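Observations on the model geometry
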Amino acid sequence: MEYGFDTFISPLTWRYGSQAMKGVWSEKNKRLILRQVWIALATAQNKAGIVTDEQLVDLKAHANDIDIERALEIESSIHHDLMAEIKTYAEQCPIGGGVIHMGATSMDVLDNADAIRLAQAVEIILEKTKELRASFADKATTYAKVPCMAFTHIQSAEVTTVGYRLALVIQDLDSCISELEGLVIKGKGMKGAVGTRASYKCLLEGTSMGSKELDDAVMQALGIVAFDGATQVYPRTQDLKVMHVLDDLSCAIAKFALDFRMMQSTGIGEWSEPFGKNQVGSSAMPFKRNPINCEKVDSLCRYVHSLVPNAWDNASLSILERTLDDSANRRLFLPQAFLAMDEVLVTANKVVKGMNIHEATIGRNLSSYGVFAATERLLMNLGKRGADRQMMHEVIRQESLKSWACVQEGKENPLVGLLSSNEEILKYMTCDEVVGCLDASDYYGDAADITMEIVEKN
């Protein structure tokens, strides 16, 4: 079966996501893992004396002989995807084919395979998140002491530094890295149709192996741990927990991408995305340099977030020992969430590594609005000189409002002159002292120090 551009294919198939992540969620990888589970089961049963050495050797010899076309052909007739894969595998194994899946129910194999794929996908996300953190750390270190206007309520506020703003993203990423590292993806184990291991206990009667021992042996061979208890499936709360971690990560990166879009806006203009020599910003406006990468990041992060309720529904609506209404959507949302997050990380890393910091524009904005921020330092110094804090606050407020009116009319900001000549202020400070207080270029507190504390953490 071939898929081309003459039919629908997901953008995650060809536009978004790395080959590594696509490989994890590929049908080939899934079916290879299924055979790993069957071989692990047969290996344990071989130790119990149920499966012969020859049968096990035969199964191992054909472990990689995936034939998806044949499996789909069988599935079209029997309408059971896992049984189709079993029959395909059994056809290839004339000696061992008859013992494949012995004692197992479908979800013994599928859920353990999904746990392995989840662990593989989480590892890719973790490594790419660490790479993104490193890119942020490099930029935050470089710009730790570069002052710039901070904005609260999307209005110019006080002074921060470019590096500090980036360090706050690192702080969020560190939290997400801890969450990713703390995820322990568990399999269902080999527990049968409703999780009681009844079929295995029956199968192993008269052997030297117990059903718990077989369960442990299979999981050890697969390199994963199992839930102590399960129904027909592993608890779907695990999928929800995984989605919550991806959701946290998508939120942290989405906030940065939105801030970046604000910083690239013509009204601020202090940052910009890397822009290729032949890149086109708009089909209508040749001059445009839109923040398309950050917009894509926000779009995909929003999509990841939208998938979380689906995982919640699967966990809460799995009636009693299991209903099948989670199956179809899990085929969709689990790979889609990871592929979208993968694309987000790759794109965000490209943006951070190539971001342009326009220091001339930063300086211009600081010159225009920094003096307003520096009035706080003036107020602090007046208070230390014995002035009434509330009275001085009102004096500065009145002079600031006059100055804002001038700035909004396109005139030069007169605030330094107004404050350095105000009679009430001059009762406590000289004109030169007032002017010195109103230089905002170094009024960023401990921002540079905090930046490096965050960068060097871990």
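Everything in this summary refers to the structure shown in the same document. Every value quoted in this text rests on a predicted model; they were computed, and no experiment measured them.

So, about the packing of helix H3 (residues 27–47) against helix H7 (residues 106–142). Look at H3 against H7: their axes get within 9 Å of each other, and the N-to-C directions meet at 125 degrees. What the angle tells us is that H3 and H7 run oblique. Classified by chirality, the crossing of H7 by H3 is right-handed. Together, Asn29, Lys30, Ile33, Leu34, Val37 and Trp38 of H3 and Asp108, Val109, Leu110, Asn112, Ala113, Ile116, Arg117 and Gln120 of H7 make up the contact between the two elements. For the contact of H3 with H7, the residue count by class is eight nonpolar, three polar and three charged.

Its twelve residues place the ends of helix H10 (residues 211–222) 17 Å apart at the C-alpha level, agreeing with the 16 Å of an ideal helix rising 1.5 Å per residue. For H10, the secondary structure elements touched by its buried residues are H3, H7, helix H9 (198–203) and strand E4 (225–226). In the stretch just after H10, glycine 223 is the one whose phi turns positive, near 80 degrees.

Right, let's get into a negative patch on the surface. Taken together, the side chains of Glu2, Asp65, Asp67 and Glu69 make up a negatively charged region of the molecular surface. Relative to the elements of secondary structure, glutamate 69 occurs in helix H5 (residues 68–78).

Further remarks concern unusual backbone geometry. The backbone of histidine 101 sits at a positive phi, close to 75 degrees, despite the residue not being glycine. The phi angle at arginine 197 is positive, at roughly 65 degrees, despite the residue not being glycine. Summarising the element assignment, arginine 197 is placed in the loop between strand E3 (186–187) and H9. A relative accessible area of 17% means that arginine 197 is categorised as buried.

Our next topic: the pattern of salt bridges. Counted by the stated rule, this structure contains 28 salt bridges. Between glutamate 85 and arginine 35 there is a salt bridge; the shortest N-O distance is 3.6 Å. Here arginine 35 lies in helix H3 and glutamate 85 lies in helix H6 (residues 81–92), a separation of 50 residues in the sequence. Judged on exposure class, the residue glutamate 85 and its partner arginine 35 are both buried. Salt-bridge contacts for arginine 385 lead to glutamate 433; the nearest nitrogen and oxygen are separated by 3.3 Å. One end of the pair, arginine 385, is in the loop between helix H14 (359–384) and helix H15 (389–408); the other, glutamate 433, is in helix H18 (residues 431–437), and 48 residues separate them in sequence. Within this structure, Glu27, Arg31, Arg35 and Glu85 form a network of salt bridges that share partners.

What follows concerns the environment of leucine 204. Within the secondary structure, leucine 204 sits in the loop between H9 and H10. In this structure leucine 204 touches Ala48, Ile50, Met209, Gly210, Ser211 and Leu214, once residues within four positions along its chain are discounted.

What follows covers the pairing of strand E2 (residues 155–161). Two elements, strand E1 (residues 147–152) and E2, share five bridges in a ladder whose sense is antiparallel. Bridge pairing in E2 places proline 147 opposite threonine 161. If you look at the hairpin formed by E1 and E2, you'll find two residues sitting between the two strands, and histidine 153 has a positive phi there, around 60 degrees.

This paragraph deals with the nonpolar core. One finds Ile253 and Phe338 to be the most contacted residues of the largest nonpolar core, which totals 105 residues. Residue contributions to this core peak at 16 residues, all from H7. Those residues in contact with phenylalanine 338 that sit more than four places away from it in its chain are Met21, Trp25, Leu118, Ala121, Val122, Ile125, Val242 and Leu246. Counting residues in each nonpolar core, the second largest holds 26 residues, with Met149, Val371, Met392 and Val434 among its members.

This paragraph deals with the side chain of lysine 30. Along the chain, the position of lysine 30 falls in helix H3. No salt bridge is formed by the buried lysine 30. Its closest oppositely charged neighbour is glutamate 27, at 4.3 Å.

As a further point, take the environment of serine 400. Looking at the element boundaries, serine 400 is found in helix H15. With relative accessibility at 11%, the residue serine 400 sits in the buried group. In this structure, the C-alpha to C-alpha distance between serine 400 and threonine 375, residues 25 residues apart in sequence, is 8.9 Å. Apart from residues lying up to four places away in sequence, serine 400 is in contact with Phe372, Thr375 and Leu415.

In this model, H6 (twelve residues) spans 17 Å end to end at C-alpha, consistent with the 16 Å of a helix rising 1.5 Å per residue. All of the buried residues along H6 are Leu82, Ala84, Glu85, Ile86, Thr88, Tyr89 and Gln92. Looking at the buried side of H6, the elements it contacts are H3, helix H4 (53–61), H5 and H7.

Each value, and the rule that gives it
- Sequence order sets the numbering: in each chain, residues are counted from 1 along the sequence as written.
- The predicted origin of the model limits local features to residues at a pLDDT of at least 70 and limits the giving and counting of side-chain atom pairs to 80 or more, whereas totals for whole chains, interfaces and linings rest on all residues.
- For the side-chain quantities, the full set of heavy atoms in the structure was used; hydrogens and water were omitted.
- Geometry is summarised by axes, namely lines fitted to C-alpha atoms with helices restricted to the contacting stretch, and by angles between N-to-C directions that run from 0 to 180 degrees.
- Helix and strand assignments follow DSSP, with helices taken as H or I runs no shorter than four residues and strands as E runs no shorter than two, numbered in order from the N terminus.
- Working rule for angles: under 35 degrees goes down as roughly parallel, over 145 as roughly antiparallel, 65 to 115 as roughly perpendicular, anything else as oblique.
- Here is the rule for handedness: rotate from the far helix to the near one, and if that takes an anticlockwise turn smaller than a right angle the crossing is left-handed, while a clockwise turn gives right-handed.
- Should any heavy atoms of two residues lie within 4.5 Å, those residues are considered in contact.
- As a working rule, the residues Ala, Val, Leu, Ile, Met, Phe, Trp, Tyr, Cys and Pro are called nonpolar, Asp, Glu, Lys and Arg charged, and the rest polar, with Gly in that last group.
- Helix span, as expected, comes to 1.5 Å for every residue beyond the first.
- Only residues above 30% relative accessible area that lack a salt bridge enter a patch, with like-charged residues linked at up to 9 Å and the nonpolar side chains Val, Leu, Ile, Met, Phe, Trp and Tyr linked at up to 5 Å.
- Per-residue and other accessible areas follow the Shrake-Rupley method at a 1.4 Å probe size, with only the shown protein chains counted as cover for residues.
- Here, a salt bridge means any side-chain nitrogen of Lys or Arg that lies within 4 Å of a carboxyl oxygen of Asp or Glu.
- The positive count covers Lys and Arg only, the negative count covers Asp and Glu only, and His and the chain ends enter neither.
- Note that the charge is assigned to NZ on lysines, CZ on arginines, CG on aspartates and CD on glutamates.
- A simple rule labels every residue: compare its accessible area, found with a 1.4 Å probe on the protein chains alone, to the largest value its type can have, and call it buried under 20%, exposed over 50%, or partly exposed in between.
- At least two bridges found by DSSP between two strands is the condition for calling them paired.
- Take the buried Ala, Val, Leu, Ile, Met, Phe, Trp, Tyr and Cys residues and link them wherever side-chain atoms come within 4.5 Å; each set so joined is a nonpolar core.

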